[in-house]
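Each chain, written out:
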Amino acid sequence: MRSKHLIQFAIGLAIILILNLVAGQFFFRLDLTEEKRYTISSATKKVLKNLPDEVSINVYLEGELPPDYKRLQTAIRETLNEFKIYAGNKLKYRFVNPFDFSDRKKGKAFLDSLEVKGVRPTSIEANKKDARTVKAVYPGALIFYKKYEMGTILLKNIYEHRNRNAIAEQQMIKQSIENVEFNLISAIQNIIGSRKKRIGFLEGHGELNPLRIADLQSALKLKNYQIFRVNLPYSEIIDSTLDAVVLAKPDSAFSRVDKYKLDQYIMNGGKALFFVDAVGVHMDSVMRGTGSFTFPYNHNLTDLLFRYGVRLNSDLVMDLQSSSIPMNIGNMGNRPNFQPVRWTYQPFINQFGKHLTTKNIGMVELKMASTIDTVKANGIKKTPLLLTSKYSKTRKTPALIVYNEAQKKPDPSQYTQKHLPVAYMLEGSFKSMFAGQPVPTKYPYREKHKKLKKDQSIPTQVFVCSDGDFVRNGARIEPKRKRVVPTQLGIGYIGKNKVFFENRDFVVNVIEYMVNESNLIEAKNREITLRPLDKLRIEQDGTKWQWFNMLVPPLLIILFGLVWFQVRKRTFARTKKH
């Protein structure tokens, strides 16, 4: 009998050893969480498995943090742990407290260096019983590779800290957690990339000047993109080594020759982003109180965009869901009293089409935008990306726009149009506007390009937005140096609350989607459900539940042990009797 048991034990042990040996030859992981929290995208795995050399990451979200930020910190740590599984020894990371300096001068110099490298602080409120304090945290990381380093932000900062409530704070954390994988892996990809992506900003037709697009360009540079200015009228062609070109608010007509250059760039697989207005308004006249009639923008691009599959309409979008402009609501003493007042011509968008570029984007802001219709274009997939709310309407032009409109309460019964499209992603093989036509006669290089002309593009993408100001940042005077400097793109107001619209992040998303062949933007295709604890109940009953968790489990184990002991005792007693 005893030998039989020994044989069974040996067989069981052998089976376990064989299973371990077999399992050791195969790598697999099973993610049983509802949101697949520990599952990273296939594109991310591919980058991590093929790291050419060691990558180090310093995360600066460390120290004493409120619970919401602890959750973000945990999500970052879990993601990096997942990264290490696929990258092995080629990925190292650590969490660093940016305030851990005994020398104040050295500490300040270090924090200043973080800001220069793109790891900017954000202010948060820390609650300690009855006291509320405001402190700075650095929710970002530095990525190191060989002699290079790059900063990345890991918190989506939607509201200024004084305007945040608990819901806004949790929404920020939720979106930040959803973006952790993408932000980290895109920074890794950018820093290890053998070739920097090249983005051209077209000039020569009254486009936004460099000061007004500086914030978007800075954001792209932080992601390791190279930025070029392309004066289209003076260029023979648009350089095919540019991965994408951006056309930001042209206000003068494109010649047939310049349209040919742009068209042929797209026919050769180039990607293009159009931020163009159909209708213009002199806002300086509106703000002075004299008003302004709308006027059509004569950029002469209507036929080009029509061929690619969209038409910009000569109207203005109005929306009850809109941001604010400063308005003088009366004097305070002898000084004007400017307050933010809702301006229905400035919709803020939080209704998006289903597309990777819109994943985990908060709100974006439009100014004097028009609706876009789609037209027939064979083989082109047209996806609306930005849509107005269900309380919208259009205003036909020409129309007189006056400042005092903001003082009048809008009539909701007039705002009955829903989800009007104001931006589209077009994807596919485009037919040239010049298909079946000769090269323009005024093109100086006409003879040279007769043989190079293409009538059909290879598969590529074109993005069209009906708001030229979508990428336009503000500017301010810097008193010390007495110069004008750019401000952050997307700073605005909803009611009296200062908010940070995500125009910049959205455009960067679009560019990343268009030019990155590795499809890393797939990492955005996840949604995390946060289940935050009730903070009020924690304050009221926290101590009681802590004692409950400390005492009840051990008592249950002791009780189970006593019951089991009694059962065993009775069982053996009966066995003895028999």
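Placed above this text is the structure.
Sequence order as written defines the numbering, with residues in each chain counted from 1. Since the coordinates come from a predicted model, pLDDT governs what is reported: local features require at least 70, and pairs of side-chain atoms require 80 or more to be given and counted, while whole-chain, interface and lining totals use all residues. Note: side-chain values were computed over all heavy atoms of the structure, leaving out hydrogens and water.

Visitor: Tell me about the overall build of the protein, and name the residues and values.
Guide: Helix and strand assignments come from DSSP, with helices taken as H or I runs of at least 4 residues and strands as E runs of at least 2, each series counted from the N terminus. A tally of regular secondary structure across the protein gives 12 helices and 29 strands. In the protein, of all internal contacts separated by at least 6 residues, the share reaching a separation of at least 24 is 76%. Only heavy atoms matter for contacts: two residues are in contact if any of them lie within 4.5 Å across the pair.

Visitor: Give a description of helix H2 (residues 42-49) that names residues and reports values.
Guide: Remark: exposure states derive from per-residue accessible area (1.4 Å probe, protein chains only) relative to the maximum for the residue type, with buried under 20%, exposed over 50%, and partly exposed in between. Inspection of H2 places Ala 43, Thr 44, Val 47 and Leu 48 among the buried residues, and these make up the whole buried set. Each buried residue of H2 lies within a common arc of 135 degrees when the element is viewed along its axis, so the set occupies one face. Exposed and oriented more than 90 degrees from the buried face of H2 are Ser 42, Lys 46 and Lys 49. What the arc covers is the set of directions going from the helix axis to the C-beta atoms.

Visitor: Which residues make up the packing of H2 against helix H3 (residues 67-87), and what are the values?
Guide: To get an axis, fit a line to the C-alpha atoms, keeping to the stretch in contact for a helix; angles then go from 0 to 180 degrees between the N-to-C directions. Orientation of H2 relative to H3, taken along the N-to-C sense of each, is 55 degrees, at an axis distance of 8 Å. By the criterion of interaxial angle, the relationship of H2 to H3 is oblique. Along this stretch, H2 crosses H3, giving a crossing that reads as right-handed. Residues Thr 44, Lys 45, Leu 48 and Lys 49 of H2 pack against Phe 83, Tyr 86 and Ala 87 of H3. Any residue outside Ala, Val, Leu, Ile, Met, Phe, Trp, Tyr, Cys, Pro, Asp, Glu, Lys and Arg is labelled polar, Gly included; the first ten of those are nonpolar and the last four are charged. Taken together, the residues of the contact of H2 with H3 sort by class into four nonpolar, one polar and two charged. Oblique is the label for any angle not covered by the other classes, which are roughly parallel (under 35 degrees), roughly antiparallel (over 145) and roughly perpendicular (65 to 115). Left-handed describes a crossing in which the near helix is turned anticlockwise from the far one by less than a right angle; the clockwise case is right-handed.

Visitor: I'd love a proper account of empty space enclosed by the protein, names of residues and values included.
Guide: Empty space among the atoms can be located by rolling a probe the size of a water molecule over them. Only protein atoms enter the 1 Å grid, on which a cavity is a set of points fitting a 1.4 Å probe that cannot get out and a pocket is an open set with protein on both sides within 12 Å along at least 5 of 7 lines, lining residues being those with an atom within 4 Å of a point. Grid points are joined across faces, edges and corners, and a volume is the space filled by probe spheres set on the points. All chains considered together, the criterion is met by two cavities of 30 Å³ or more. Lining the second largest cavity are Phe 201, Leu 202, Glu 203, Glu 207, Leu 208, Pro 210, Ile 213, Gln 217, Arg 229, Val 246, Leu 247 and Ala 248. Of all the elements in the fold, those that place two or more residues in the lining of the second largest cavity are strand E7 (198-203) and strand E9 (244-248). When its residues are assigned to classes, the lining of the second largest cavity shows eight nonpolar, one polar and three charged.

Visitor: Account for the side chain of Ser 389, with residues named and values stated.
Guide: Relative to the elements of secondary structure, Ser 389 occurs in the loop between strand E21 (380-387) and strand E22 (392-396). Polar side-chain contacts of Ser 389 include one of 2.6 Å to the side chain of Asp 319. Nitrogen and oxygen atoms within 3.5 Å of one another constitute a polar contact, given that in protein one can donate a hydrogen and the other can accept it, and given that sequence-neighbouring residues count only through two side-chain atoms. A distance of 3.0 Å separates a polar atom in the side chain of Ser 389 from the backbone nitrogen of Tyr 391. If we skip the residues at most four places from it in the chain, Ser 389 touches Asp 319, Gln 321, Gln 417, Lys 418 and His 419.

Visitor: So what's going on with the pattern of salt bridges? Residues and values would help.
Guide: Pairing is possible between side chains that carry opposite charge, provided their charged atoms lie close to one another. By salt bridge we mean one thing: a side-chain nitrogen of Lys or Arg within 4 Å of a carboxyl oxygen of Asp or Glu. Scanning the model with the defined rule gives 21 salt bridges in all. For Asp 68, the salt bridge goes to Arg 71, with nearest N and O atoms at 2.2 Å. Placement of both Asp 68 and Arg 71 in helix H3 is noted, with a separation of three residues, approximately one turn of the helix. Between Arg 472 and Asp 469 there is a salt bridge, with the nearest N and O atoms lying 3.8 Å from each other.

Visitor: Tell me what's going on with the nonpolar core, and back it up with residues and numbers.
Guide: Counting 52 residues, the largest nonpolar core has Ile 266, Phe 274, Leu 426 and Val 464 as the members making the most contacts within it. Here this core gets six residues from one element, more than from any other, and that element is helix H7 (residues 256-267). If we ignore the near neighbours within four places in the chain, the residues touching Phe 274 are Leu 247, Leu 262, Ile 266, Leu 304, Leu 305, Val 462, Phe 463, Val 464 and Cys 465. To qualify as a nonpolar core, a set must consist of buried Ala, Val, Leu, Ile, Met, Phe, Trp, Tyr and Cys residues joined through side-chain atoms within 4.5 Å. Grouped together as the second largest cluster of nonpolar side chains are 40 residues, Tyr 225, Val 471, Phe 506 and Met 514 included.

Visitor: Lay out the environment of Leu 91 in plain terms, naming residues and giving numbers.
Guide: Mapped onto the fold, Leu 91 is located in strand E2 (residues 91-95). When the C-alpha atoms of Leu 91 and Leu 48 are compared, they prove to be 8.4 Å apart, with 43 residues separating the residues in sequence. Discounting residues that sit within four places of it in the chain, Leu 91 has contacts with Val 55, Ile 57, Leu 80, Phe 83, Lys 84 and Ile 188.

Visitor: Explain the packing of aromatic side chains to me, and be specific about the residues and the numbers.
Guide: The description of an aromatic ring pair uses the distance of the two centres, along with the angle that the planes make with each other. A pair of Phe, Tyr and Trp rings is counted when the ring centres sit within 6.5 Å of each other, with Trp represented by its six-membered ring. The angle between the planes then sorts it: under 30 degrees is stacked, over 60 is edge-to-face, the rest tilted. Tallied over the full model, the rule gives 15 aromatic pairs. Ring centres of Phe 275 and Phe 470 lie 6.0 Å apart, and the angle between their planes is 10 degrees; on these two criteria the pair is classed as stacked. Of this pair, Phe 275 sits in strand E10 (residues 271-275) while Phe 470 sits in the loop between strand E25 (460-465) and strand E26 (475-478), and the two are 195 residues apart along the sequence. Exposure class is identical for Phe 275 and Phe 470. Each is buried. Cluster of aromatic residues (ring-pair linked, three or more members): Tyr 260, Phe 434, Tyr 443 and Tyr 445.

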